[in-house]
Amino acid sequence: MDKPWKISRGPIAATELDVEKANAINMLLIRPVGVLPAKSGDPIRPFAVGLFNELRPLLKPDAGVTTLRRATAAYVHCRRYYFASAQPDSMRHSLDGEPVEPLSPEDRLVAQKRFLSLKQISGKADAPEQAAPVPAPLLSKSEQIRAALLGKRNAVS
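Right, let's walk through the structure included here. Values in this document were obtained by computation on a predicted structure and should not be read as measured data.

### Side note on the pattern of salt bridges
When the charged atoms of two side chains with opposite charge come close together, those side chains can pair.
Part 1 of the reasoning: For the structure shown, the criterion picks out 3 salt bridges.
Part 2 of the reasoning: In this structure, the salt-bridge partner of Lys-39 is Asp-42, at a minimum N-O distance of 2.8 Å.
Part 3 of the reasoning: For Lys-39, a relative accessible area of 52% translates into the label exposed.
Part 4 of the reasoning: For Asp-42, a relative accessible area of 15% gives the class buried.
Part 5 of the reasoning: Asp-107 serves as the salt-bridge partner of Arg-92, at 2.7 Å between the closest nitrogen and oxygen. One end of the pair, Arg-92, is in strand S1 (residues 91-93); the other, Asp-107, is in helix H5 (residues 105-126), with 15 residues separating them in the sequence.
Part 6 of the reasoning: Residue Arg-92 is classed as buried on the basis of its relative accessible area, which comes to 12%.

### Re the nonpolar core
Part 1 of the reasoning: In this structure, Val-33, Leu-36, Phe-47, Leu-68 and Tyr-75 are the most contacted members of the largest nonpolar core, which totals 31 residues.
Part 2 of the reasoning: Listing elements by their share of this core, those giving two or more residues are helix H1 (16-27), helix H2 (51-55), helix H3 (65-76), helix H4 (79-86) and H5.
Part 3 of the reasoning: Among the elements that make up this core, the one with the highest residue count is H4 (5 residues).
Part 4 of the reasoning: In contact with Phe-47, not counting residues within four places along its chain, are Val-35, Leu-36, Thr-72, Tyr-75, Val-76, Tyr-81, Arg-92 and His-93.

### A short note on the packing of H1 against H3
To describe two helices that pack against each other, one gives the angle between their axes and the distance between the axes.
Part 1 of the reasoning: Interaxial distance between H1 and H3 falls to 9 Å at its minimum, and their mutual angle equals 160°. It follows that H1 is roughly antiparallel to H3 by the angle criterion. The handedness of the crossing between H1 and H3 is left-handed. Facing H1, whose interface residues are Asp-18, Lys-21, Ala-22 and Ile-25, H3 presents Leu-68, Ala-71, Thr-72, Ala-74 and Tyr-75.

Cut-offs and rules
Residues numbered from 1 in each chain as written. Predicted model: local features only at pLDDT ≥ 70, side-chain atom pairs only at ≥ 80, totals over all residues. Heavy atoms only, no water. Salt bridge = Lys/Arg side-chain N within 4 Å of Asp/Glu carboxyl O. Buried < 20%, exposed > 50% of the residue type's maximum accessible area, 1.4 Å probe, protein only. Helix = DSSP H or I, 4+ residues; strand = E, 2+ residues; numbered from the N terminus. Core = buried A, V, L, I, M, F, W, Y, C linked by side-chain atoms within 4.5 Å. Contact = heavy atoms within 4.5 Å. Axes fitted to C-alpha atoms, helices over the stretch in contact; angles between N-to-C directions. Parallel < 35°, antiparallel > 145°, perpendicular 65-115°, else oblique. Left-handed = near helix turned anticlockwise from the far one by under 90°.

Dropping the structure here:
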């Protein structure tokens, strides 16, 4: 995985969760920004370098910079954002959503690695191994009492 991908998947569509994260950012700003998806299916656009510094002046007076930083981090460190950034034809976008410059091969490779890492972690969380249920052994009444007494003794020790 030392080379960036060569085949593009085209624009990566935002999911409901991506839109919720984008809305969390927009709620902190005096106006919504065009670089963020407004609805499911809108493309996820990688940010231009330094875009956070352009977001700061748009911060509502009652909102904190740390809150904006966390909301932005939650958006840009998600799997679909990395996937969009890893595409061979991916472009960085301005605040209004206009393409500014292509992502460098190095940035695309980093995004690709992070995407694959998150995908692997997510795959493990989505598909936990199903252990076959082990039937309880059939014990006589005296064996059950003995097991219960031994269990209490081991718990005290």
